[in-house]
Amino acid sequence: MKKITTILFVGLASIALVACSSKTEKKEASKASEAKTEQTSSSTTTEDQNVSSEFKAALKKAKSYSKTAHLSKEGMVNQLTEFEKFPEDAVQYAVENAGIDWKKEAVEKAKSYSKTAHLSKEGMVNQLTEFEKFPEDAVQYAVENAGIDWKKEAVEKAKSYSKTAHLSKEGMVNQLTEFEKFTEEEAKYAVENAGIDWKKEAVEKAKSYQKTAGLSNEALKNQLTEFEKFTDEEAQYAVEHLE
């Protein structure tokens, strides 16, 4: 009986010792964590104190531009140096520490162009690389992830041409493929879905020729069919509806 009591006492003592040890370890871990947090905070404060006000201003300006202008890294450097007149070291600090995801900036820039310029995929690549100065990997990421429907972009581009250039259907396809770099499929989709009245386009083109060249009806018809690629029916309609 005495042996059993001794064993029970030892067991309870061991459990108490383990519990106490566990609490001690938790307290030590908590203290270590607090110390690390204080150290990090102190380090950050010291680092902030070591950064000049001009560096901080450049950093703030870079973050501001990233919310609105969506510049490439090179574009941001140029903006901060050429326009904002920050010194080079402050600019480098800003672009390296502003936390900007340059691929996402390329995506946003592509989206903004799709709202106004209505570029083809190839045209967008050229715009982002040649003019906006995004690197190739960011550009490829942008055109694949901006959610742009290139057929709809072709439709919008065709509509814009119909307001000014008054092209024939064949002329529109050539313009969209040769100059705007849309694919043949995208260009054909555009001319079928842009809601353009090709006879009216022929009339407007005929009027522009009459204002400048003063052609006879026969010569005008030849110009519309041979050069502008309107159909015979569209050209005939045009010369018959000149005011």
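Report follows, based on the coordinates. (Residues numbered from 1 in each chain as written. Predicted model: local features only at pLDDT ≥ 70, side-chain atom pairs only at ≥ 80, totals over all residues. Heavy atoms only, no water.)

Within the protein one finds 13 helices and 0 strands. Counted from the first residue to the last, the protein has its helices and strands arranged as α-α-α-α-α-α-α-α-α-α-α-α-α. Here the protein, with 243 residues, has 34% of them falling under the buried criterion. Total accessible area on the protein stands at roughly 15600 Å², and carbon and sulfur atoms take up 51% of it. (Helix = DSSP H or I, 4+ residues; strand = E, 2+ residues; numbered from the N terminus. Buried < 20%, exposed > 50% of the residue type's maximum accessible area, 1.4 Å probe, protein only. Areas by Shrake-Rupley, 256 points an atom, 1.4 Å probe, with all protein chains shown as cover.)

Moving on, we come to the packing of helix α6 (residues 121-131) against helix α7 (residues 136-145). At a minimum axis separation of 10 Å, α6 and α7 run at an interaxial angle of 140°. By the angle class used here, α6 and α7 are oblique. Along this stretch, α6 crosses α7, giving a crossing that reads as right-handed. Mapping the contact onto sequence places K121, M124, V125, L128 and T129 in α6 and V139, Q140, A142, V143 and E144 in α7. (Axes fitted to C-alpha atoms, helices over the stretch in contact; angles between N-to-C directions. Parallel < 35°, antiparallel > 145°, perpendicular 65-115°, else oblique. Left-handed = near helix turned anticlockwise from the far one by under 90°. Contact = heavy atoms within 4.5 Å.)

Before going further, it helps to spend a moment on α6. Considered for burial, the residues of α6 that qualify are G123, M124 and L128. Along the axis of α6, the buried positions cluster into a sector of 130°, meaning they face one direction only. Where α6 is buried, its residues contact α5 (102-116), α7 and α8 (150-164). A positive phi of about 65° marks K133, the residue just after α6. (Arc of directions from axis to C-beta.)

Tracing the backbone through its elements, the reader meets K205 in helix α11 (residues 198-212). Nearest to the buried, unbridged K205 among oppositely charged side chains is E228, at 4.2 Å. The residues touching K205, leaving out its near neighbours within four places in the chain, are A165, H166, L224, E228 and F230. (Lys, Arg positive; Asp, Glu negative; His and termini not counted. Salt bridge = Lys/Arg side-chain N within 4 Å of Asp/Glu carboxyl O.)

With the rule as written, the count across this model stands at 1 aromatic pair. Ring centres 5.3 Å apart and planes at 40° place the aromatic pair F55 and Y93 in the tilted group. Of this pair, F55 sits in helix α2 (residues 53-68) while Y93 sits in helix α4 (residues 88-97); the two residues are 38 residues apart in sequence, bridging distant segments of the chain. (Phe/Tyr/Trp six-rings, centres within 6.5 Å; stacked < 30°, edge-to-face > 60°.)

Read these as layout, nothing more, since geometry by itself doesn't imply function.
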